[in-house]
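Letter by letter, the chains look like this.
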Amino acid sequence: SLSPKGTSVSVDVTGTSDTISTESESVGTTISERLVADLPVRGRAFTEFVQLTPGVVQEGDRNGLVISGQRSINSNLAIDGADFNDALQGNQRGGNEQVFFFPQTAIKEFQVVRSGATAEVGRTGAGFVNVVTKSGTNELHGEMFYFNRNKTLTSPDAFGQDLDNAQNQFGGSIGGPIKRDRAFFFLGVEQNYLRVPFVVRFDTIPGATVPASVTALEGEKFGTNNPTAIFGKVDFIVNTNNTLNVQYTHTRFRGENFSFENPRQNIAEEGNYTRENSSNGLKGSLVSVLSPKFINEFRAQVATDNRLEQPNTTTGQAVIANFGTLGGDRARPRLFETTRYQLTDNISYDTGRHKLRFGFDVNINSVQQQRESNTQPRFDFESRTVSNVVIATSIDNYAAGRPRRFRQTLAAADPNDLIYRGTQKEFALFVQDNFKVSNELSLNFGLRWEAQINPQPKKPNPLFPQTARIPNDLKQWQPRVGLAYDLGGRGETVIRVSAGILAARTPANLFQRVSTNNGLTTSEIEIGETTVCRNSIVVNLA
């Protein structure tokens with residue numbers, strides 16, 4: 001008989017480093033959950049973390065992501081595999097401006113692909129960003145946060161003025177089980193109250209007399225940026241072969257004096273505008289294990305993105321040379337509304353040496369937009385000189401009602417003609433194979449086909465045939481090829497090579513110009529060198 005003589009216990013501690021993918025030709029970076037949670041970012045817009053990736057910058061005017069030198073509107077952003085782009089102007093949903101649109105507390109990690117996108121990825125000229133959100137587990141976890149910045153923590157500006165700068169941002173998330181091992185939930189909410197001061201100071205014209213009503217417009221003003229973002233997610237393990245996921249996103253936003261650009265400016269507060277946003281998205285996905293080798297992923301979503309920009313006043317804009325700008329914003333009101341419908345299905349088949357993947361995507365956007373310049377009257381005032389002697393300054397001419405130039409865009413017949421409406425339809429098919437030639441070498445071959453069916457102008461101008469038809473693009477064939485070679489076979493150095501054709505989508509904003517700026521639906525009126533009172537000009541045109 002055998003009996004135990006004794007036992008011993010040993011503990012081995014092994015250090016590990018980040019592994020390098022040796023099978024993908026794509027070049028990119030994964031922003032981990034720890035980086036998203038720990039690195040500071042004012043405004044908690046997670047897309048700013050993308051700039052941690054080499055070769056990626058953020059545009060100063062659009063705030064879009066420039067990846068590998070491509071225009072920001074030609075990049076592509078997805079959240080859990082679903083399209084999260086602005087159908088009107090490109091970039092992320094919510095618009096080009098710096099608008100908070102998704103709670104950072106719900107972000108687990110995301111991947112930034114700079115080059116070498118496989119055939120599965122389309123509608124981009126180079127870069128692709130895919131976000132992975134958090135999910136609930138069998139244990140209940142959550143977080144809460146609060147950030148505050150107030151006047152006492154703000155130093156005087158460059159002109160020695162104490163500015164009342166205030167920001168309060170708070171929120172949190174919670175996730176856990178609905179039924180252990182079967183159903184889980186996750187909820188994230190964030191709110192931001194931001195008030196940023198700016199100072200209105202008009203330029204000085206020597207010897208000019210400024211009306212008291214104009215001087216009263218100077219002083220400290222405030223712009224606000226107050227968004228709310230909500231994300232909810234439920235995961236169901238239907239059975240051993242099927243997992244169902246349902247997500248809901250909601251964002252609302254209101255910003256007053258939203259467009260000020262500098263702490264000190266010579267544009268009156270009345271020349272600003274108020275912006276309001278509202279966005280809702282519902283997405284569902286079903287992952288099915290058809291066999292040990294077959295996996296099917298089906299996704300569907302419906303998402304809205306509505307934006308309205310209203311001027312502070314409808315008074316005509318007065319541009320006073322060497323002094324400043326008074327009156328309302330000449331480019332507002334603006335209207336942006338989109339509804340996106342998307343269906344995708346991807347199938348993966350793994351034989352061991354071959355990893356086949358193929359699928360389709362249907363992406364339909366119903367859009368409407370109003371975006372015209374000079375929809376409110378604009379008057380330009382300049383100094384008058386005789387023999388190089390100033391006889392009336394620009395502010396004098398403003399006070400006397402003597403504009404040098406007048407401009408305004410009016411609807412030729414129906415005011416509704418200023419609003420562009422259309423439906424943009426996008427379809428895609430792809431197939432790709434990742435072939436493991438050896439333990440060190442992997443090859444990827446793929447082919448993607450895309451079609452973009454564009455809306456057609458409702459009232460074309462017979463004098464300009466280009467306004468009668470927007471060509472569809474049904475031949476976007478995009479072959480892709482790449483390789484990854486593990487130099488030395490130790491996973492320490494990998495050589496990646498990729499080539500292919502990529503086609504970016506055309507934003508609906510470009511179609512609006514053909515529909516509303518065709519010389520038929522609108523009339524651009526311009527009067528120069530007039531001495532007529534500015535009020536009389538408006539009356540005469542009416």
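Here we summarise the structure given alongside this text. Predicted model only: the values in this text are computed from it and were never measured. (Residues numbered from 1 in each chain as written. Predicted model: local features only at pLDDT ≥ 70, side-chain atom pairs only at ≥ 80, totals over all residues. Heavy atoms only, no water.)

Quick word on the overall build of the protein
Assigned secondary structure in the protein consists of five helices and 28 strands. Summarising its shape, the C-alpha atoms of the protein cover approximately 120 × 65 × 45 Å along the three principal directions. Of all 542 residues assigned to the protein, the portion counted as buried reaches 46%. Roughly 27,200 Å² of accessible area belongs to the protein as shown, and the carbon and sulfur atoms make up 54% of that amount. (Helix = DSSP H or I, 4+ residues; strand = E, 2+ residues; numbered from the N terminus. Buried < 20%, exposed > 50% of the residue type's maximum accessible area, 1.4 Å probe, protein only. Areas by Shrake-Rupley, 256 points an atom, 1.4 Å probe, with all protein chains shown as cover.)

Remarks on empty space enclosed by the protein
The gaps of empty space that remain are located by a probe, the size of a water molecule, rolled over the atoms. Within the structure shown, the criterion is met by six cavities of 30 Å³ or more. Estimated volume of the largest cavity: approximately 110 Å³. What lines the largest cavity is a set of 13 residues, and nearest its centre among them are F84, Q247, T249, K283 and Q301. Estimates place the volume of the second largest cavity at around 90 Å³. Surrounding the second largest cavity, 13 residues form its lining, R93, G94, F101, T251 and S279 being those nearest its centre. Among the elements of the structure, strand 12 (242-255) and strand 14 (273-289) are those that each provide at least two residues to the lining of the second largest cavity. Taken together, the residues of the lining of the second largest cavity break down into three nonpolar, eight polar and two charged. (1 Å grid on protein atoms, 1.4 Å probe; cavity = no way out; pocket = protein on both sides within 12 Å on 5 of 7 lines; lining within 4 Å. Points joined across faces, edges and corners; volume = space filled by probe spheres on them. Nonpolar A, V, L, I, M, F, W, Y, C, P; charged D, E, K, R; others polar.)

Considering the nonpolar core
With 22 residues, the main nonpolar core has F46, F49, F102, I107, F110, V129 and V131 as its most contacted residues. Breaking this core down by element, the ones donating at least two residues are strand 3 (65-67), strand 4 (76-79), strand 6 (107-115) and strand 7 (128-133). Element by element, the count of residues in this core is highest for strand 6, at three residues. The contact partners of F49, leaving out residues within four places of it in the chain, are I31, L35, V36, L39, V41, Q104 and F110. Within the second largest apolar cluster, 15 residues are counted, among which are F202, A318, F323 and I395. (Core = buried A, V, L, I, M, F, W, Y, C linked by side-chain atoms within 4.5 Å. Contact = heavy atoms within 4.5 Å.)

Structural notes on helix 4 (residues 509-516)
The complete set of buried residues in helix 4 reads N509, F511, Q512, S515 and T516. Each buried residue of helix 4 lies within a common arc of 145° when the element is viewed along its axis, so the set occupies one face. Taken together, the buried residues of helix 4 touch strand 19 (354-370), strand 24 (420-436), strand 25 (441-453) and strand 28 (522-528). (Arc of directions from axis to C-beta.)

As for the sheet that holds strand 28
The five strands lie next to each other as 17-16-20-23-28, forming an open sheet whose pairing is mixed. One side of each edge strand has no neighbouring strand; the edge strands of this open sheet are strand 17 (324-326) and strand 28. When strand polarity is set aside, the average angle formed by the axes of neighbouring strands in this sheet is 15°. One ladder, built from three bridges, connects strand 16 (residues 317-320) with strand 17; its direction is antiparallel. Looking across to strand 17, one finds that I320 is bridged to G324. (Pairing = 2+ DSSP bridges. Axes fitted to C-alpha atoms, helices over the stretch in contact; angles between N-to-C directions.)

A few points about the sheet that holds strand 6
Pairing between the strands of a sheet comes from backbone hydrogen bonds, and it takes one of two forms, parallel or antiparallel. If you trace the five strands from one edge of the open sheet to the other, you get 1-6-7-4-5, paired in mixed fashion. Sheet topology places strand 1 (27-31) and strand 5 (82-83) at the edges, where each strand pairs with a single neighbour. The pairing of strand 4 with strand 7 spans four bridges and is classified as parallel. Across the sheet, the residue bridging to A78 is N130, located in strand 7.

Quick look at the packing of aromatic side chains
Scanning the model with the defined rule gives twelve aromatic pairs in all. Between F202 and F323, the aromatic rings sit 5.0 Å apart at their centres with planes inclined by 20°, giving stacked as the arrangement. A residue pair is termed long-range when its members are at least 10 positions apart, and F202 in the loop between strand 10 (183-200) and helix 2 (212-215) and F323 in the loop between strand 16 and strand 17 qualify at 121 residues. Comparing F202 with F323 shows no difference in burial state: the two are buried. Summarising the aromatic geometry, the rings of F294 and Y349 are spaced 4.5 Å apart at their centres and angled 35° between planes, so their arrangement reads as tilted. With F294 in strand 15 (residues 294-311) and Y349 in strand 18 (residues 334-350), the pair connects residues that are 55 residues apart, well separated along the chain. Overall, F294 belongs to the partly exposed group, its relative accessible area being 31%. Classification of Y349 by relative accessible area gives partly exposed; the value is 24%. Taken together, the aromatic side chains of F84, F102, F186 and F231 make up a single cluster linked through ring pairs. One cation-aromatic arrangement involves R44 over F145; the distance from NZ or CZ to the ring centre is 3.9 Å. Across the ring face of F222, the terminal group of R195 is positioned such that the distance to the ring centre comes to 4.6 Å. (Phe/Tyr/Trp six-rings, centres within 6.5 Å; stacked < 30°, edge-to-face > 60°. Lys NZ or Arg CZ within 6 Å of the ring centre and 35° of its normal.)

Just geometry here; none of it tells us what the structure is for.
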